[in-house]
Amino acid sequence: MIDTAALREKVLDLAIRGKLVPQDPNDEPASVLLERIHEQKLQMVRDGKLKAKDVKDDTIIFKGDDNCYYEKYSDGSVKNIQDEIPFDLPEGWAWSRLKSIVIKEIKRGKAPIYADKSSVLVFAQKCNVKHCGINMQLAKYLNEAVLKKYTAEDFLFIDDVIINSTGTGTLGRVGILSKECFYPVAKIVPDTHITVVRTHKEIVSSYIFFMLKHMQPKLEISGEGSTNQKELRPDYIKNLLCPIPPIGEQLKIVDVITESNEALKVIDTKEFEISDAIASLKSKILELAIQGKLVPQDENDEP
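Residues numbered from 1 in each chain as written. Predicted model: local features only at pLDDT ≥ 70, side-chain atom pairs only at ≥ 80, totals over all residues. Heavy atoms only, no water.

**Student:** So what exactly am I meant to see when it comes to the packing of aromatic side chains here?
**Tutor:** In the structure shown here, the tally under the stated rule is four aromatic pairs. Between Y150 and F155, the aromatic rings sit 6.1 Å apart at their centres with planes inclined by 45°, giving tilted as the arrangement. By relative accessible area, which is 8% here, Y150 ends up buried. F155 sits in the buried class, given a relative accessible area of 15%. Its guanidinium or amino end placed over the ring of Y150, K110 lies 5.9 Å from that ring's centre, counting from NZ or CZ. Above the face of the F155 ring, K187 is positioned so that its terminal group lies 5.7 Å from the ring centre. (Phe/Tyr/Trp six-rings, centres within 6.5 Å; stacked < 30°, edge-to-face > 60°. Buried < 20%, exposed > 50% of the residue type's maximum accessible area, 1.4 Å probe, protein only. Lys NZ or Arg CZ within 6 Å of the ring centre and 35° of its normal.)

**Student:** Which parts of the structure should I look at to understand the environment of P29?
**Tutor:** For P29, the location among the structural elements is in the loop between α1 (4–16) and α2 (30–46). Judged by relative accessible area, P29 falls into the partly exposed class, the value being 34%. Each C-alpha atom of the pair P29 and E91 lies 8.1 Å from the other, and the pair is 62 residues apart in sequence. (Helix = DSSP H or I, 4+ residues; strand = E, 2+ residues; numbered from the N terminus.)

**Student:** Would you mind going over the side chain of S100 with me for this structure?
**Tutor:** By secondary structure assignment, the location of S100 is in the loop between β4 (94–97) and β5 (107–108). S100 sits in the buried class, given a relative accessible area of 9%. Polar contacts involving the side chain of S100 include one to the main-chain amide nitrogen of T59, which spans 3.1 Å. Each residue touching S100, except ones within four places of it in the same chain, is listed here: I37, K41, D58 and T59. (Polar contact = N/O pair within 3.5 Å; in protein donor to acceptor, adjacent residues only side chain to side chain. Contact = heavy atoms within 4.5 Å.)

**Student:** Would you explain the environment of I253 in this entry?
**Tutor:** Topologically, I253 is positioned in helix α5 (residues 247–290). When its relative accessible area of 0% is taken as the criterion, I253 is described as buried. Other than its neighbours up to four places away in sequence, I253 contacts A15, L20, V21, W93, Y207 and P245.

**Student:** Sorry, what's going on with the pattern of salt bridges here?
**Tutor:** Pairing of side chains with opposite charge becomes possible as their charged atoms draw close. One pass over the full model with this rule turns up 18 salt bridges. Between R36 and E202 there is a salt bridge whose closest N-O contact spans 2.7 Å. Linking R36 in helix α2 with E202 in the loop between β14 (194–197) and α3 (205–220), this pair joins segments that are 166 residues apart in sequence. Between D160 and R198 there is a salt bridge, with the nearest N and O atoms lying 2.8 Å from each other. Here D160 is found in the loop between β10 (140–142) and β11 (161–164), whereas its partner R198 is found in the loop between β14 and α3, with 38 residues between them in sequence. Classification of D160 as buried rests on a relative accessible area of 1%. (Salt bridge = Lys/Arg side-chain N within 4 Å of Asp/Glu carboxyl O.)

**Student:** What is the right way to read the sheet that holds strand β13 (residues 187–190) from this model?
**Tutor:** Neighbouring strands of a sheet are bound in pairs by backbone hydrogen bonds; such pairs are parallel or else antiparallel. In space, the four strands of this open sheet follow the order β6-β10-β7-β13, with mixed pairing throughout. In the strand order of this sheet, the two ends are held by β6 (114–115) and β13, each with one partner. Where strand β7 (residues 120–123) and β10 come together, two bridges link them in antiparallel fashion. The residue bridging V122 from the neighbouring strand is K140, located in β10. (Pairing = 2+ DSSP bridges.)

Coordinates in, geometry out; function isn't part of it.
Structure follows, in structure tokens:
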């Protein structure tokens, strides 16, 4: 049987290392893209669309003349972070902290109060299904009496990436919200066990989803706290190092991963059908055996 899980992991690994699709030397370098995002976020603060605290911890990562990576902080200080860099990137790519490419503070949702019925759903850990993506049928309804506690940014949007951040068994699980998640209820809020990652418009959110999906095994074991209540702290998620390609390559990578996942899904289905057929055949053979119909009888055998 084909190990499709290993193939999926290999595709993701090639993707984040810049080895999945060919590089285009005409693409705008990711370093320029990240500088522009930083300036746009500062402008959003000036325009009142972002809070100052949402950008004060943003950093810029660059390669120095000595070929080592450095990180520049908002106060102007610079630190050598070469020891943190897990692998080299292709020409035109750049490293970034996750917090520097989002337009919403990376944090968890609020503690909900539930109702039997309402116009708002609460996204909980169980909605982030291990093998089937997002299942909003598992969500509960929010009591609309507490809506005054929620600001516009507290609601979830299409393409928000969500990470299960507490508990056991589901810790570190990564998902992404599609438009189908918002039907028939148009409003969704996260609960306190969910961390939300909302990327800047010039970063392809599906690329970040696939990148975090590749990191999921690491996220699953990076929780802190007691055995019964491990948690991924927001600061840990904020400071994840992200390999960022030019935006054109981000789109190509998403297309290739999506196509490969669809092809592997077909293989999974066919292998399941084959496995079922083999199991049925084994059962039939055993049935024939115990009924004395599997091999011819020899009348000379001792009864």
